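The primary structure of each chain is shown beneath.
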Amino acid sequence: MDSIAENLEAVRARIAAAGARAGRPVDAVRLLAVSKTYGPAAVRAAAAAGQRRFGENRVQEAAAKIPECPGRLEWHLIGHLQSNKAAAAARLFDWVHSVDSAKLLEALDRQAGEAGRTLQALVQVNVSGERSKSGLAPGEAAAVLALGNRLRNVQVCGLMAIPPLAEDPEKARPFFRKLRELRDRWAAELGLELPELSMGMTHDLDVAIEEGATFVRVGTGIFGAREHPAEGAGEA
Ligand SMILES: *Cc1c(COP(=O)(O)O)cnc(C)c1O
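To keep things clear, this report deals only with the structure shown in the data block. This structure is a prediction, so every number in the text was calculated from the model and none was measured.

## Focus on the packing of helix α6 (residues 138-147) against helix α7 (residues 173-190)
Part 1 of the argument: Where α6 meets α7, the axes come as close as 11 Å, and the angle between the chain directions of the two elements is 45°. Taken together, the axes of α6 and α7 lie oblique to each other. The hand of the α6/α7 crossing is right-handed. On α7, the residues touching Pro138, Ala141, Ala142, Leu145 and Ala146 of α6 are Lys178, Leu182, Trp186 and Leu190.

## So, the packing of aromatic side chains
Both the distance between ring centres and the angle between the ring planes are used here to describe each pair of aromatic rings.
Part 1 of the argument: Counted by the stated rule, this structure contains three aromatic pairs.
Part 2 of the argument: Centre to centre, the rings of Phe54 and Trp75 are 5.4 Å apart; their planes meet at 35°, and the pair counts as tilted. On the criterion of sequence distance, the pair formed by Phe54 in strand β2 (residues 53-56) and Trp75 in strand β3 (residues 74-77) is long-range, its members being 21 residues apart.
Part 3 of the argument: Its relative accessible area of 3% is what places Trp75 among the buried residues.
Part 4 of the argument: Here Arg30 stacks its cationic end above the ring of Phe215, 4.2 Å away from the centre of that ring.

## Regarding the pairing of strand β1 (residues 30-34)
Part 1 of the argument: Burial analysis of β1 places five of its five residues in the buried class, the great majority of the element.
Part 2 of the argument: Going residue by residue along β1, you find Arg30, Leu32 and Val34 tucked away on one face and Leu31 and Ala33 tucked away on the opposite face as well.
Part 3 of the argument: For β1 and strand β8 (residues 215-218), the ladder comprises four bridges, and the chain directions are parallel. Across the sheet, Arg30 pairs through a bridge with Phe215, a residue of β8.
Part 4 of the argument: By the bridge criterion, two bridges tie β1 to β2 in an arrangement that is parallel. The residue of β2 that forms the bridge with Val34 is Gly55.

## As for helix α5 (residues 102-114)
The α-helix winds at 3.6 residues per turn, so residues separated by three or four positions along the chain end up facing the same way.
Part 1 of the argument: For α5, built from 13 residues, the straight-helix expectation of 18 Å at 1.5 Å per residue is met to within 8% by its first-to-last C-alpha distance of 18 Å.
Part 2 of the argument: Regarding α5, the residues found buried are Leu104, Leu105, Ala107, Leu108, Asp109, Gln111 and Ala112.
Part 3 of the argument: The elements touched by buried residues of α5 are α4 (86-92), β4 (95-99), β5 (119-124), α6 and β6 (154-160).
Part 4 of the argument: Positive backbone phi, at 65°, marks Gly116, one or two positions downstream of α5.

## Let's talk about the side chain of Arg217
Part 1 of the argument: One can find Arg217 in strand β8.
Part 2 of the argument: Asp204 provides the closest opposite charge to the buried, salt-bridge-free Arg217, at an N-O distance of 7.1 Å.
Part 3 of the argument: Within polar-contact distance, the side chain of Arg217 engages the backbone oxygen of Ala161 at 3.3 Å.
Part 4 of the argument: Among residues more than four places away in sequence, those in contact with Arg217 are Leu32, Val34, Ile78, His97, Met160, Ala161, Ile162, Ser198, Met199, Gly200, Met201 and Thr202.

## Topic: the pairing of β6
Part 1 of the argument: β6 sits mainly inside the fold: six of its seven residues count as buried.
Part 2 of the argument: Across six bridges, β5 lies against β6 in parallel orientation. Opposite Gln124, over in β6, you have Met160 as the bridge partner.
Part 3 of the argument: In the classification by handedness, the crossover that spans β5, the intervening α6 and the parallel β6 is right-handed.
Part 4 of the argument: Bridge analysis of β6 against strand β7 (residues 196-198) gives three bridges, and the strand direction is parallel. Note that in β7 the partner of Leu159 across the bridge is Leu197.
Part 5 of the argument: Tracing the backbone out of β6, into α7 and back to the parallel element β7 gives a crossover that is right-handed.

## Observations concerning the site of the ligand
Part 1 of the argument: Taken together, Val34, Lys36, Ile78, Ile162, Met201, Thr202, Arg217, Val218, Gly219, Thr220 and Arg226 make up the full set of residues near the ligand.
Part 2 of the argument: Lys36 places a side-chain nitrogen or oxygen 2.7 Å from an oxygen atom of the ligand.
Part 3 of the argument: Thr220 is positioned such that a nitrogen or oxygen atom in its backbone is 2.8 Å from an oxygen atom of the ligand.
Part 4 of the argument: With the chains in place, 90% of the 390 Å² that the ligand exposes on its own is no longer accessible.
Part 5 of the argument: Partitioning the shell around the ligand into residue classes produces five nonpolar, three polar and three charged.

Definitions and limits used
Residues numbered from 1 in each chain as written. Predicted model: local features only at pLDDT ≥ 70, side-chain atom pairs only at ≥ 80, totals over all residues. Heavy atoms only, no water. Axes fitted to C-alpha atoms, helices over the stretch in contact; angles between N-to-C directions. Helix = DSSP H or I, 4+ residues; strand = E, 2+ residues; numbered from the N terminus. Parallel < 35°, antiparallel > 145°, perpendicular 65-115°, else oblique. Left-handed = near helix turned anticlockwise from the far one by under 90°. Contact = heavy atoms within 4.5 Å. Phe/Tyr/Trp six-rings, centres within 6.5 Å; stacked < 30°, edge-to-face > 60°. Buried < 20%, exposed > 50% of the residue type's maximum accessible area, 1.4 Å probe, protein only. Lys NZ or Arg CZ within 6 Å of the ring centre and 35° of its normal. Pairing = 2+ DSSP bridges. Expected span 1.5 Å × (residues − 1). Lys, Arg positive; Asp, Glu negative; His and termini not counted. Salt bridge = Lys/Arg side-chain N within 4 Å of Asp/Glu carboxyl O. Polar contact = N/O pair within 3.5 Å; in protein donor to acceptor, adjacent residues only side chain to side chain. Right-handed = clockwise from strand over helix to strand, strands pointing away. Near = heavy atom within 4 Å. Areas by Shrake-Rupley, 256 points an atom, 1.4 Å probe, with all protein chains shown as cover. Nonpolar A, V, L, I, M, F, W, Y, C, P; charged D, E, K, R; others polar.

Written out as structure tokens, the structure reads:
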């Protein structure tokens, strides 16, 4: 497990270097360790190396894993969530990055209330228009963000996106930039504070940070290659 500590060190160095290039404050970017497909031992190793924030993409997997992990970690749901799993998600997670409908946002608010918790939420935007990608079309997202003003138990804090997979990380830059510009526009138009941008993964986190990411979601760069990456990328 020493390699997890070393990998974390290397990822933190990349984050610091990208932040410095972009002239951003040292604490502007938070690292999510995406532990999907990895068990509690890997989470414990990362936690022992100082990692506090973890990302999972499936409710069922997280429900089995989280109780086996150290307490006082922060858990972020980053995969598609069906409204009928909102109750479980509201109890397991501190953040949901993948809100993609008004119905889901309202269900999370109701369920967080019943659980006596407050959730932080991000609205996922399909910035590329690819049919295969989840997230709201830009034309639909503003209405869901505006709903955030009326919720009691969920705080809508910003946007999340997954740009198309590309060999060259520079290809993702226009999509990261677009997410930031949409955030700036909606924050002004709706009078909302939307400080968070969840964007960037192992291979393109540097570019995402240069374009304003406040959360980067890093799996393989910390834990190593997943055995079944296609499954790992699936639904919550
Ligand atoms: C798996 C996953 C990641 C992490 O991807 P890596 O390439 O392993 O860093 C980030 N975001 C989402 C939504 C994911 O499903």
